[in-house]
Amino acid sequence: MSDWIGLGIIAFIVLCGIFGLSRLSKPYDVSVEEFERRAQEGPGLLGAGLVGIQKALDPSMERAVEVQEDLRQGRYDGEQESGDPPMAGDDSDQNVTNGELDA
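Starting from 1, residues in each chain are numbered consecutively following that chain's sequence as written. Selection of residues for local features in this predicted model requires a pLDDT of at least 70, selection of side-chain atom pairs for listing and counting requires 80 or more, and totals for whole chains, interfaces and linings are taken over all residues. Working from all heavy atoms in the structure, the side-chain values ignore hydrogens and water.

A. How the structure looks around the overall build of the protein chain. What counts as a helix is a DSSP run of H or I of at least four residues, what counts as a strand is a run of E of at least two, and both are numbered from the N terminus. A tally of regular secondary structure across the protein chain gives four helices and zero strands. If you list the helices and strands of the protein chain from N to C, you get α-α-α-α. Looking at the 103 residues of the protein chain, the share that counts as buried comes to 2%. Areas reported here follow the Shrake-Rupley algorithm with a probe of radius 1.4 Å; residue values treat only the protein chains shown as occluding. Accessible area for the protein chain stands at about 9800 Å²; split by element, carbon and sulfur atoms hold 59% of it. Each residue is assigned to one of three classes by its accessible area relative to the maximum for its type, calculated with a 1.4 Å probe on protein chains only: buried under 20%, partly exposed between the two thresholds, exposed over 50%.

B. Here's a closer look at the pattern of salt bridges. Any carboxyl oxygen of Asp or Glu that lies within 4 Å of a side-chain nitrogen of Lys or Arg is treated as forming a salt bridge with it. Under the defined criterion, the tally for this structure stands at one salt bridge. Its salt-bridge partner being glutamate 69, residue arginine 72 comes within 2.7 Å of it at the nearest N-O pair. Remark: glutamate 69 and arginine 72 occur in helix H4 (residues 59-73); sequence separation between them is three residues, near one turn of the helix. Judged by relative accessible area, arginine 72 falls into the exposed class, the value being 61%.

C. Seen up close, a nonpolar patch on the surface. Each patch is built from residues lacking any salt bridge and having more than 30% relative accessible area; the joining distance is 9 Å for like charges and 5 Å for nonpolar side chains (Val, Leu, Ile, Met, Phe, Trp, Tyr). Taken together, the side chains of Met1, Ile5, Ile9, Phe12 and Ile13 make up a nonpolar region of the molecular surface, amounting to roughly 610 Å² of accessible area. Here phenylalanine 12 lies in helix H1 (residues 2-25). Take phenylalanine 12: its relative accessible area is 55%, and that puts it in the exposed class.

D. Broad picture of H1. A rise of 1.5 Å per residue sets the reference length of H1, with its 24 residues, at 34 Å; its end C-alpha atoms lie 35 Å apart and thus fit the reference within 8%. H1 sits mainly on the outside: zero of its 24 residues count as buried. The span expected for a helix works out to 1.5 Å for each residue beyond the first.

E. Expanded view of the confidence of the model for the protein chain. What pLDDT reports is the predictor's confidence in each residue, on a scale of 0 through 100. Confidence along the protein chain averages 75 in pLDDT terms, with 69% of residues attaining 70 or more. Within the protein chain, no element has a lower average pLDDT than helix H3 (residues 45-57), which sits at 75, and none a higher one than H1, at 93.

As structure tokens, this is what we get:
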């Protein structure tokens, strides 16, 4: 009889776990105002702390955070910091010069 009680308790725990996971996986409605407010707030205290820990453990993370900040500010690389678009017909990023074209 005690085997059935133990199996019942285990089944109850498993069913509670499945129910809890199904509740966590359901999306919830967020109003436009709440979404915009959360987006403007940025990372919370916990998120900022985790980024700080990750910077200490992974030095390349610091560079990644700098690049993300540049992307948020509209700067994609050092050449575009002034905000001016590239000149039309500018071939500065091509590796072949006019005299080195292969036929």
